[in-house]
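# Topology and contacts: notes
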Amino acid sequence: MENFGKMTFNKARMKERLPHSVYIKWKEVVRNNLELDRDTADAIAHAMKEWAIENNATHYSHWFFPLNGLTAKKMEAFIDRTDNEPLMRFSGKELIKGEPDASSFPSGGIRSTFEARGYTYWDVTANSFIIDNVLYIPTVFVAFTGEKLDTRAPLLSSTNRLSKIGSDIMNILEKKHTYRMRVKVGLEQEFFLIDRDLYNKRIDLACTGRTLFGARPPKAQELEDHYFGIIPERVEKFYREVDEKLWSLGIYAKTEHNEVAPGQFEVAILFENVNIAVDDNQLCMDILKSVAKKHNMVCLLHEKPFKGVNGSGKHNNYSIATNYGLNCFDPGDNPEENLPFLVFVSALIEVVHRNQTLLRIASSNVSNDHRLGGNEAPPAIVSMFLGTDLEDVFRKISDTNYKPKTKFEPMRIETLGEVPSDKADRNRTASVAFTGNKFEFRMLGSSKSAAELNIVINTAMSDALERMYEELKNAVDIKETVYNIVRDRMEKYSGVIYDKDNYSEEWVQEANRRGLKNHKTLFDALKAVKDENCYEIFYKQDIFSKVELEAIYKIAYEEIKQVHLLELRTMQEVIQKQIIPVAMKQAVAYGKYLDTIENPVVRAELELFNDSITELYNLREEMVELHDRLETDEDIFKSTEELQKNATMLLEKVRNIIDELELRISEKINYIPTYREMFNSLV
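Residues numbered from 1 in each chain as written. Predicted model: local features only at pLDDT ≥ 70, side-chain atom pairs only at ≥ 80, totals over all residues. Heavy atoms only, no water.

## Concerning the domain arrangement of the chain
Cut-off, in case you're wondering: Domain delimitation follows an automatic or database domain assignment. By definition, residues are in contact when any of their heavy atoms lie within 4.5 Å. As used here, buried area is the combined drop in accessible area, with a 1.4 Å probe, of two parts when they are placed together. A pair is scored as a salt bridge if a Lys or Arg side-chain nitrogen falls within 4 Å of a carboxyl oxygen belonging to Asp or Glu. Here a polar contact is taken to be a pair of N or O atoms separated by no more than 3.5 Å, where protein atoms must pair a possible hydrogen donor with a possible acceptor and residues adjacent in sequence count only if both atoms sit in side chains. Numbering of helices and strands runs from the N terminus, with a helix taken as a DSSP run of H or I at least four residues long and a strand as a DSSP run of E at least two residues long.
Per the domain assignment, the segments of the chain are domain 1 (11–149), domain 2 (158–544) and domain 3 (559–680). Just the C-alpha atoms count here: the centres of domain 2 and domain 3 sit 37 Å apart. The partner domain 3 presents 30 residues to the 32 residues of domain 2 that form the contact. Summing both sides of the interface, domain 2 and domain 3 together bury roughly 2900 Å²; the carbon and sulfur share of this comes to 69%. Applying the counting criterion to the domain 2 and domain 3 interface returns 3 salt bridges. In this structure, lysine 307 engages glutamate 652 in a salt bridge whose closest nitrogen and oxygen atoms are separated by 3.2 Å. At the boundary of domain 2 and domain 3, one finds 10 residue pairs in polar contact (both at pLDDT 80 or more). When contributions to the side of domain 2 that touches domain 3 are tallied by element, the ones reaching two or more residues are α7 (203–208) and α17 (522–529).

Now the structure itself:
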């Protein structure tokens, strides 16, 4: 335990290292969202530098999240010079503000090459930390003109908005004084591991993060023998090193296990304030990838690296708590009388129904489209699972004639007698599921930052709670007003609540009847979002300006376009440099056999290979034409739409041909690693 958090300049370390008056001033700044004065900043910077140097740091870096969903940094040495002598220096000004180039990150047109200046500013609520020899300082990233160019700034803004309106409501509902609400998030990170030597032989994996071809192996996950099974020794050693690195950074890595698909695993981190949770998850992803390399493995964070088996998600467990620790999503023993619970859950029901398209967009990238709709991933239709008991509570309040469906029998276990049991099942096919005292948003993709999804939830919750506050602030009978809020929201928005199989065709038809959205791809959702006026809540809550949202919208289209272009280029190379040469070798082997023995079955196989090779050449030319024509098309929306339709179709045609050939090619000829080899590479 003495190593836990040793590389983090956290609250405890600040209390230990700073003069008491400086520490109290910092706490006031964090608690009340005040400005940090220069003298306090200088004192914190000095203490931080001294601690960092003691832990072998030589550089510092402002660490931020640009709009590409990745992390970014620029390292600066502590060393400076005065009178030709070296000096280790770090000022409050350097702590607070940095200046990276803002034109080289995605900006959606906000910054051009001749408008390069941008700034990073310290997030005083986040923990700085050391990795290797660098002190990392979490920061927001803004343009010279003030527009947000990252996900941290809007995440902090949305959290503060929710804190304010949530506190106002809690001070009506509870006698205790609420001065702050904390958004608490716990993230479960799924990922695949495969042997690095096999990875290096797959052009598609190395370039796109997923396999663009691969026939079904004799054994995948059908026997259900991998989930929660024995962790391979090689992976056990990997986990140990991951734990050491996470724990040294004060990251509470709690749960680790085999996931359902072969080669798939999970690490879950305990709840933290939402901006810290996002930081911890970004660090976790980087650590998973770097540690895997040291063990001659590769960590795949793509949502669907392998067809036909489970994909990887990043389950976003969401709750809201007061400054005195009351969890607003905890029903307690008597949820019918728990007014904060009824209000905040009603708000979330409204949020999910009114913001289906935004939740779909914020949870997804192009790669997540391949994952949604099967193998434990929720479908594209956003739905909400409350569990039978809680659904009964809300429906009973909203309809006095409703007859509850809940019926619980005590659970008995041998040698233990009666044991506590949950009152609700879980539904892995639901997009948003209540899981006891929190809501699990299951649509989020494994490679994606959790910031965007939580920005949407926070902003939409603030918007919904503001309307409820107007109903509550002058209420004579608080309980009856809360019940009226429940009745109103259930009448308008309960169509999003569903407790059965979300994979069934029955649900598709039922969702359509209820008027729910079914955006099968991210592209479809982006096309729909403007027509639905979804963005209005961001303007109203002052989270984004119109300029910032237009930029984010354009960046999303650019990302879709670039992913499709990359996959087209990659498949062209795969066909030319791997598949056709291997297929030709197999065809030659058939030809040599037929030179000595005539066999109609072998001859049919040879003809199939010959026809397939011809078809692959033709399809490759189609891909070249499509790629070259649309790559330079300046109409980003039109070219993206054509790529979304035609690139996907072409890649699927090619995949079907290659997969059929793979099943027929001798292992002595085919050097390209198959699914069978990759799935068994860690045993």
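Okay, back to it.
## Considerations on the pattern of salt bridges
Taken as a whole, this structure holds 47 salt bridges when the rule is applied. The residue glutamate 548 makes a salt bridge to lysine 148 at a minimum N-O spacing of 3.6 Å. Taken together, the residues span a long stretch of sequence, with glutamate 548 in helix α19 (residues 546–596) and lysine 148 in the loop between β9 (134–143) and α5 (152–173) at a distance of 400 residues. Of the charged contacts, one joins aspartate 168 and lysine 164 as a salt bridge, the two residues approaching to 3.6 Å between their closest N and O atoms. Within this pair, aspartate 168 and its partner lysine 164 are both found in helix α5, separated by 4 residues, close to a single helical turn. One connected set of salt bridges, linked through shared partners, spans Glu350, Arg354, Asp463, Arg467, Glu471, Asp488, Arg489, Lys492 and Lys540.

## Describing the nonpolar core
Operational definition: Side-chain atoms within 4.5 Å link the members of a nonpolar core, which is a set of buried Ala, Val, Leu, Ile, Met, Phe, Trp, Tyr and Cys residues. Accessibility here uses a 1.4 Å probe with only protein chains present; expressed as a share of the type maximum, an area under 20% marks a residue as buried, one over 50% as exposed, and anything in between as partly exposed.
In terms of nonpolar packing, the biggest core is built from 140 residues, with Phe238, Phe344 and Met461 touching the most fellow members. Both domains that meet at this core, namely domain 1 (11–149) and domain 2 (158–544), each give it at least three residues. Every residue in contact with phenylalanine 238, bar those within four places of it in the chain, is listed here: Phe191, Leu193, Leu288, Val291, Ala292, His295 and Met297. The next biggest cluster of nonpolar side chains, apart from the first, holds 34 residues, and it includes Ile203, Leu616, Val654 and Leu661.

## Concerning the packing of aromatic side chains
Note the cut-off: Pairs were defined over the aromatic rings of Phe, Tyr and Trp, the Trp ring being its six-membered one, requiring ring centres within 6.5 Å. Orientation was assigned from the angle between planes: stacked under 30 degrees, edge-to-face over 60, tilted for the rest. Whether a charge sits over a ring depends on NZ of Lys or CZ of Arg being within 6 Å of the ring centre and within 35 degrees of the ring normal.
In this structure the tally under the stated criterion is 36 aromatic pairs. Centroid distance phenylalanine 78 to phenylalanine 90: 5.6 Å. Interplanar angle 75°. Geometry classified as edge-to-face. Residue phenylalanine 78 is found in the loop between β3 (72–77) and β4 (79–82), and its partner phenylalanine 90 is found in the loop between β5 (85–88) and α4 (92–96); the two are separated by 12 residues along the sequence. Given the relative accessible area of 0%, phenylalanine 78 is considered buried. Classification of phenylalanine 90 as buried rests on a relative accessible area of 6%. Seen from their ring centres, phenylalanine 191 and tyrosine 239 are 6.5 Å apart, and the 75° between their planes marks the pair as edge-to-face. Separated by 48 residues along the polypeptide, phenylalanine 191 in strand β10 (residues 181–195) and tyrosine 239 in helix α8 (residues 233–248) bring together distant segments of the chain. Take phenylalanine 191 and tyrosine 239: they sit in the same class, and that class is buried. An aromatic cluster is defined as three or more aromatic residues linked by ring pairs; in this entry it consists of Tyr318, Phe329, Phe341, Phe394, Phe434, Phe439 and Phe441. One Lys or Arg, arginine 202, reaches over the ring of phenylalanine 213 and ends 4.0 Å from the middle of that ring.

## Some words on the environment of alanine 525
Mapped onto the elements, alanine 525 comes out in helix α17. Classification of alanine 525 as buried rests on a relative accessible area of 0%. Counting along the chain gives 161 residues from alanine 525 to serine 364, while the straight-line C-alpha distance between them is 10.0 Å.

## Observations regarding helix α14 (residues 451–472)
Test applied: One fewer than the residue count of a helix, multiplied by 1.5 Å, yields its expected span.
Given a rise of 1.5 Å per residue, 22 residues ought to cover 32 Å, and the 31 Å separating the end C-alpha atoms of α14 matches this to within 8%. Of all 22 residues in α14, 16 are buried; the element is thus mostly enclosed.

## Thoughts on the state of the cysteines
Going by this rule: When the sulfur atoms of two cysteines come within 2.5 Å, that pair is taken as a disulfide.
One pass over the full model with this rule turns up 0 disulfides. In this structure cysteine 284 is a free cysteine whose sulfur lies 8.5 Å from that of cysteine 299, the closest cysteine sulfur available. In this structure cysteine 284 comes out as buried when scored by relative accessible area, which is 1%.

## What to know about helix α21 (residues 636–662)
Counted only if it meets this: Take the seven residues that end at a residue and the seven that start at it, fit an axis to each, and the angle between those axes is the bend at that residue.
Helix length check: α21, at 27 residues, gives a terminal C-alpha distance of 36 Å against a target of 39 Å (1.5 Å per residue), a fit within 8%. Maximal helix bending in α21 amounts to about 30°, located at leucine 643.

## Describing the pairing of β10
Threshold: For two strands to be treated as a pair, DSSP must find no fewer than two bridges joining them.
Of all the 15 residues making up β10, 13 are buried; the element is thus mostly covered by neighbouring parts of the structure. Where β10 meets strand β15 (residues 314–322), 9 bridges bridge the pair, whose relative direction is antiparallel. Pairing of glutamate 188 across the sheet is with histidine 315, part of β15. Note: β10 against strand β13 (residues 272–273), 2 bridges, orientation antiparallel. Bridge pairing in β13 links valine 185 to glutamate 272. By the bridge criterion, 5 bridges tie β10 to strand β12 (residues 264–269) in an arrangement that is antiparallel. Its bridge partner lying in β12, phenylalanine 192 is registered against glutamine 264. When β10 meets strand β14 (residues 297–300), the two strands line up antiparallel, connected through 4 bridges.

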